[in-house]
Amino acid sequence: MENILILGGDGYLGWPSAMFFSNKRYKVTVVDNYLRRDICKKLDISMLYNVPNLIERARIWHKLTGLEIKVAIGDLQDSEFVRSLFNGTVKYDWAASKEYAGLPDTVIHFAEMPSAPYSMMDYRTANLTISNNLIVTNNLMYAVKDFSVETHIVKLGTMGEYGTPNIDIEEGWLEIEHNGRKDKFIYPRQAGSIYHTTKIMDTDLLWFGVRTWGLKVTDLMQGPVYGIETEESKIDERLKTIFNYDEIFGTVINRFLVQAVAGYPLTVYGAGGQTRGYININDTIQCIYLSIKNPPAEGELNIYNQFTETFTVKELAEQIQSIAIKLGYDCNISLIKNPRKELENHYYNVNHKSLLGLGLKPHYLTEKVLKGMFKFVGKFKENIKKDIIFKGVKW
Ligand code: USQ
């Protein structure tokens, strides 16, 4: 039985991944310190619905399926806590059997502060983002180097590391010819927020570990994710993942869906020509699974561009508006002054063949998928708080 350690197991992607691998009979341990829930509380941001905490969810999962997801609650910025997960001294906060899970074959690293707007609120939130994301990544890298060099690290990166250059974006690497000589480098990066910049630095840290100590790393350059339900979340209401629609933690498609249901004009920033590569939550899980099934060799860094289709923000708003109207919602689009510093009309041509080559079967953003999301979000209409949808964090 393969052993997987999931860092950030309480998150939007962490919990569905944990259930997916547990269902596939992997031995799963999840770790979290509830950073996102705490920030939401501090900023008075509520999610679309309440979700039981990680310990409660692992208990429910065990009761319903008989499968065990071990839980350790703790701050991964604490290097001794990270090392305890590798040297066998960890004390689980919930487990069916308290016996040590053993060294992980794979670590999936989601344990980052994932919001660009949060990182840009002020110097304190920028510092928290930098220290959390970099220290956690460094603690993980050292623990793997010191205790378990065979472990494959799968790290969630972001398409935002590349920015929007005026040339084709390759998959991680670029061959450069200079003064008659050639070499291959990590593709040039130019992030649009402090958060995205920490993801570049993470990539650089792990690339250093790969070159220096022969670590095995896969870095998944993911675009904005949308969606709610996965196969396992359908087993029971209480197993569904957290869902943010606020300006800080909500990603754009999820936000637009909630806005349409609430009768709040869809907030297209600026001209709306910003193009990004989007991915369904079910495909995120598929991509992680494919990455685990195809690990890099010792001393190799795999970089995959993880999205299935590209849209401008305006196209997304128009598509969501047209379905909202069909469903009887009164839905308008509002072009508001862009609070972010980003190009609003730009070239965007990205190579993303690798994961398709490994067997990814995309779930596209079809009318059926959107209608399913409308139905789901509609059930929680009464919970939507309009005042958290747009506050205008500016940079
Ligand atoms: N946008 C709007 N209106 C909104 C919200 C967003 O027009 O109400 C625009 C943004 O200006 C941006 C695009 O939609 O051009 C995507 O914004 P987003 O908030 O969905 O995504 P972003 O801030 O880039 O971050 C999200 C996740 C982050 C992940 C990233 C992937 O929060 O963790 O790394 O997507 S990527 O965008 O490819 O860098």
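Attention in this report is confined to the structure presented alongside it. Remember, it's a predicted structure, so these values are computed and weren't measured experimentally. (Residues numbered from 1 in each chain as written. Predicted model: local features only at pLDDT ≥ 70, side-chain atom pairs only at ≥ 80, totals over all residues. Heavy atoms only, no water.)

## Considering helix α1 (residues 14-23)
Selection criterion: Partly exposed describes any residue whose relative accessible area lies between the buried limit of under 20% and the exposed limit of over 50%, with all areas from a 1.4 Å probe on protein chains only and scaled to the type maximum. Counting from the N terminus, the helices are DSSP H or I runs at least four residues long and the strands are E runs at least two residues long. Contacts: residue pairs with any heavy atoms within 4.5 Å of one another.
α1 sits mainly inside the fold: nine of its ten residues count as buried. Those residues of α1 that sit buried are G14, W15, P16, S17, A18, M19, F20, F21 and S22. Buried residues belonging to α1 abut β1 (3-7), β2 (27-32), α3 (54-65), β3 (69-73), β4 (106-109) and α9 (281-293). A positive phi of about 70 degrees marks R25, the residue just after α1.

## What to know about the packing of aromatic side chains
Spelled out, the test is: Here a Phe, Tyr or Trp ring, Trp counted by its six-membered ring, pairs with any other such ring whose centre lies within 6.5 Å, and the pair is stacked when the planes are under 30 degrees apart, edge-to-face when over 60, and tilted otherwise.
Counted according to the given criterion, the structure contains 14 aromatic pairs. Seen from their ring centres, F21 and Y26 are 5.1 Å apart, and the 80 degrees between their planes marks the pair as edge-to-face. Owing to a relative accessible area of 0%, F21 belongs among the buried residues under this scheme. Taken together, the ring pairs connect F20, F21, Y26 and Y289 into an aromatic cluster.

## Here we look at the environment of Y49
Our working definition: Any N or O atom pair separated by 3.5 Å or less is treated as a polar contact, with the protein-specific requirement of one donor-capable and one acceptor-capable atom, and with residues adjacent in sequence counted only for side-chain atom pairs.
Note on placement: Y49 falls in the loop between α2 (35-42) and α3. When the C-alpha positions of Y49 and T241 are compared, they lie 9.7 Å apart, and in sequence the two are 192 residues distant. Not counting the four nearest positions on each side in its chain, Y49 is found in contact with I228, K240, T241, I242, F243, F376, F380 and N383. Within the local environment of Y49, its side chain forms a polar contact with the backbone oxygen of T241, the two atoms lying 2.6 Å apart.

## Topic: the environment of G192
Within the fold, G192 resides in the loop between β7 (181-186) and α7 (194-213). Residue G192 is classed as partly exposed on the basis of its relative accessible area of 40%. Along the primary structure G192 and G359 are separated by 167 residues, whereas in three dimensions their C-alpha atoms are 31 Å apart. Ignoring sequence-local partners within four residues, the contact set of G192 consists of G160, K341 and W395.

## Some remarks on the site of the ligand
Counted only if it meets this: Near is defined per residue: the residue qualifies when any heavy atom it owns lies within 4 Å of the molecule or strand. A 1.4 Å probe and the Shrake-Rupley method give the accessible areas. Residues count as covered only by the protein chains that appear here. Side-chain classes are defined by residue name, with Ala, Val, Leu, Ile, Met, Phe, Trp, Tyr, Cys and Pro counting as nonpolar, Asp, Glu, Lys and Arg as charged, and the others, Gly among them, as polar.
Neighbouring the ligand are 22 residues, the closest being P114, T158, Y195, T267 and E342. At a separation of 2.9 Å, an oxygen atom of the ligand approaches a polar backbone atom of G160. For the ligand, the protein covers 93% of the area, taking 720 Å² as the surface of the free molecule. Among the secondary structure elements, those contributing two or more residues to the shell around the ligand are α7, α8 (252-262) and β10 (266-269). For the shell around the ligand, a count of residues per class yields ten nonpolar, eight polar and four charged.

## A short note on helix α12 (residues 367-378)
Keep this limit in mind: Take the residue count of a helix, subtract one, and multiply by 1.5 Å to get its expected span. The arc in question is traced by the directions running from the helix axis to the C-beta atoms.
Helix length check: α12, at twelve residues, gives a terminal C-alpha distance of 16 Å against a target of 16 Å (1.5 Å per residue), a fit within 8%. Listing the buried residues of α12 in full gives L370, M373, F374, F376 and V377. End-on view of α12: buried residues confined to an arc of 165 degrees, all on one side of the axis. Away from its buried face, by an angle of more than 90 degrees, α12 presents the exposed residues K368 and K375. Buried residues belonging to α12 abut β9 (225-226), α8 and α10 (313-326).

## Focus on the nonpolar core
Note the threshold: What is meant by a nonpolar core is a set of buried Ala, Val, Leu, Ile, Met, Phe, Trp, Tyr and Cys residues, joined one to another through side-chain atoms within 4.5 Å.
Judged by nonpolar contacts, the single largest core of 86 residues is most densely connected at F21, I108, I253, F256 and I320. A per-element tally of this core places α8 first, with eight residues. Listed in part, the 37 residues of the second largest apolar core include Y92, Y162, M221 and L301.

## Some words on unusual backbone geometry
Backbone geometry places D44, a non-glycine residue, at a positive phi of 60 degrees. Here D44 lies in the loop between α2 and α3. Judged by relative accessible area, which is 60%, D44 ranks as exposed. Positive phi outside glycine occurs at N179, with the angle close to 50 degrees. Secondary-structure assignment places N179 in the loop between β6 (173-178) and β7. Look at N179 and you get exposed, because its relative accessible area is 70%.

## A short note on the sheet that holds β3
What counts is decided by this rule: Strands qualify as paired when DSSP identifies two bridges or more between them. To get an axis, a line is fitted to the C-alpha atoms, and for a helix only the part in contact is used. The angle between two axes follows their N-to-C directions and goes from 0 to 180 degrees.
Spatially, seven strands are ordered β3-β2-β1-β4-β5-β8-β12 in an open sheet, and the strand pairing comes out parallel. Each having just a single partner strand, β3 and β12 (301-306) make up the two edges of the open sheet. On average, each strand axis in the sheet is inclined to that of its neighbour by 20 degrees, with strand direction left out of account. In terms of strand pairing, β1 meets β4 through four bridges, oriented parallel. By the bridge assignment, L7 is partnered in β4 with H109. With respect to the sheet, helix α6 (residues 123-147) is in contact with β1, β4 and β5 (152-158), its orientation differing from that of β4 by roughly 175 degrees.

## Regarding the packing of α1 against α9
Let me state the cut-off plainly: If an angle is under 35 degrees, it is roughly parallel; if it is over 145, roughly antiparallel; if it lies from 65 to 115, roughly perpendicular; otherwise it is oblique. A clockwise turn of the near helix away from the far one marks a right-handed crossing, whereas an anticlockwise turn of less than a right angle marks a left-handed crossing.
Running from N to C, α1 and α9 cross one another at 55 degrees; their axes reach a closest spacing of 10 Å. In terms of axis orientation, α1 runs oblique to α9. Note on packing geometry: the crossing formed by α1 with α9 is right-handed. For the pair formed by α1 and α9, the contact residues are P16, S17, F20 and F21 on the first element and I281, I285, I288, Y289 and I292 on the second. When grouped by side-chain class, the residues that make up the contact of α1 with α9 number eight nonpolar, one polar and no charged.

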